[in-house]
Amino acid sequence: MTNFVPVFPLNMVVFPGEEVNLHIFEPRYKQLIKECFSDVKPFGIPAVINNQIAEMGTLVRIQDIVKVYDNGEMDIRVKGAMVFRVLELIKRIPDKLYSGAIVNYPETNEAGSPALMKQVLLQLREMHTLLKVAKQFKHPDDKLSAFDIAHHAGLSVSEEYELLGLSQEIQRQEYLKRHLTRTISVLKETESLKEKIKLNGHFRNPGSLEL
């Protein structure tokens, strides 16, 4: 399917199923939000990578306008719906302040590997333990997808964008597994280095070589 959507480019990646809070202050996006909310229409958030609007983005739907300020600025809540690919960016739309895009929606395969996802979640929790952080997820483990946990895996925006572009869930699971394996290795090396540094200047009980 190919269609036109208003777009709100952001220096972030929104994943399908994710809820995001946004503060709207630019006149063009205040117009976009008002129109999409009143007409119950979605809009697109293409990722901005290295100051360029990227090819991939996520269609989002407005869940709620949480607050409207005296100057017209708004706090809103949106939810990611599906991934799109920009075919053509339309910078000027008659009578509109905002831009739009002609997009299509790549086919996806959401059938991942439960066993692989279990490994990924074990790695994710190990990483969180090493970092001394606690995270709670909205769904039980057997209902979680790669998109549900991606923002908790320590990915850069560029890496999150790479993940967004993978059309199969099992590919996304493998991507997270590789990333977490590398990250955990670095964290363990860092912890080991910290322990060595702590020993410097302290009395130690070194082992001796018997002659």
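Before reading on, note that the structure itself is shown above.
Let me sum up the structure you'll find in this document.

Calculation rules
Residues numbered from 1 in each chain as written. Predicted model: local features only at pLDDT ≥ 70, side-chain atom pairs only at ≥ 80, totals over all residues. Heavy atoms only, no water. Helix = DSSP H or I, 4+ residues; strand = E, 2+ residues; numbered from the N terminus. Rg over C-alpha atoms; globule rule 2.2 N^0.38 Å. Lys, Arg positive; Asp, Glu negative; His and termini not counted. Charge placed at Lys NZ, Arg CZ, Asp CG, Glu CD. Core = buried A, V, L, I, M, F, W, Y, C linked by side-chain atoms within 4.5 Å. Buried < 20%, exposed > 50% of the residue type's maximum accessible area, 1.4 Å probe, protein only. Contact = heavy atoms within 4.5 Å. Phe/Tyr/Trp six-rings, centres within 6.5 Å; stacked < 30°, edge-to-face > 60°. Lys NZ or Arg CZ within 6 Å of the ring centre and 35° of its normal. Salt bridge = Lys/Arg side-chain N within 4 Å of Asp/Glu carboxyl O. Pairing = 2+ DSSP bridges.

Description of the overall build of the protein chain
A tally of helices and strands in the protein chain yields five helices and six strands. Reading the secondary structure of the protein chain in the N-to-C direction produces β-β-α-β-β-β-β-α-α-α-α. On C-alpha atoms alone, the protein chain measures out to a radius of gyration of 22 Å, which is more than a quarter above the 17 Å that the 2.2 N^0.38 rule sets for 211 residues. Dimensions along the principal axes, computed over C-alpha positions, put the protein chain at roughly 90 × 40 × 30 Å. In the protein chain, which carries 27 positive and 27 negative side-chain charges, the distance between the mean positions of the two groups comes to 2 Å.

Things to note about the nonpolar core
Taken as a class, soluble globular proteins show a tendency for nonpolar side chains to be buried jointly. Counting residues in hydrophobic clusters, the biggest one holds 28 residues, and the most contacted among them are L124, I149 and L176. Counting only elements with at least two residues in this core, the list comes to β3 (43-49), β4 (52-68), α2 (114-131), α3 (146-149), α4 (157-164) and α5 (169-199). When sequence neighbours within four positions are dropped, the list of residues in contact with I149 reads M117, V120, L121, L124, F137, L144 and L176. Counting residues in each nonpolar core, the second largest holds 19 residues, with V14, C36, I45 and V60 among its members.

Overview of the packing of aromatic side chains
Scanning the entire structure with this criterion turns up three aromatic pairs. Site record: aromatic cluster; members linked through ring pairs are F8, Y29 and F43. One cation-aromatic arrangement involves R172 over F147; the distance from NZ or CZ to the ring centre is 4.2 Å.

Here we look at the environment of S158
Relative to the assigned elements, S158 resides in helix α4. In this structure the C-alpha to C-alpha distance between S158 and A47, which are 111 residues apart in sequence, comes to 9.3 Å.

Overview of the pattern of salt bridges
Enumeration according to the criterion identifies nine salt bridges in this entry. Across the pair K138 and E19 runs a salt bridge whose closest N-O atoms are separated by 3.6 Å. On the criterion of sequence distance, the pair formed by K138 in the loop between α2 and α3 and E19 in strand β2 (residues 19-24) is long-range, its members being 119 residues apart. Where salt bridges share partners, they join E110, E169 and R172 into one cluster.

Brief notes about unusual backbone geometry
Its identity as a non-glycine residue notwithstanding, V40 has a phi of 50 degrees, on the positive side. Residue placement: V40 occurs in the loop between α1 (27-39) and β3. Residue classification places V40 among the exposed positions, given a relative accessible area of 71%. With a phi close to 65 degrees, N51 is a non-glycine residue in the positive phi region.

Comments concerning the pairing of β2
Residues V20, L22 and I24 point to one face of β2 and are all buried, whereas E19, N21 and H23, pointing to the other face, are not buried. In this sheet, strand β5 (residues 74-90) lies alongside β2 in antiparallel orientation, the contact comprising six bridges. Looking across to β5, one finds that L22 is bridged to I76.

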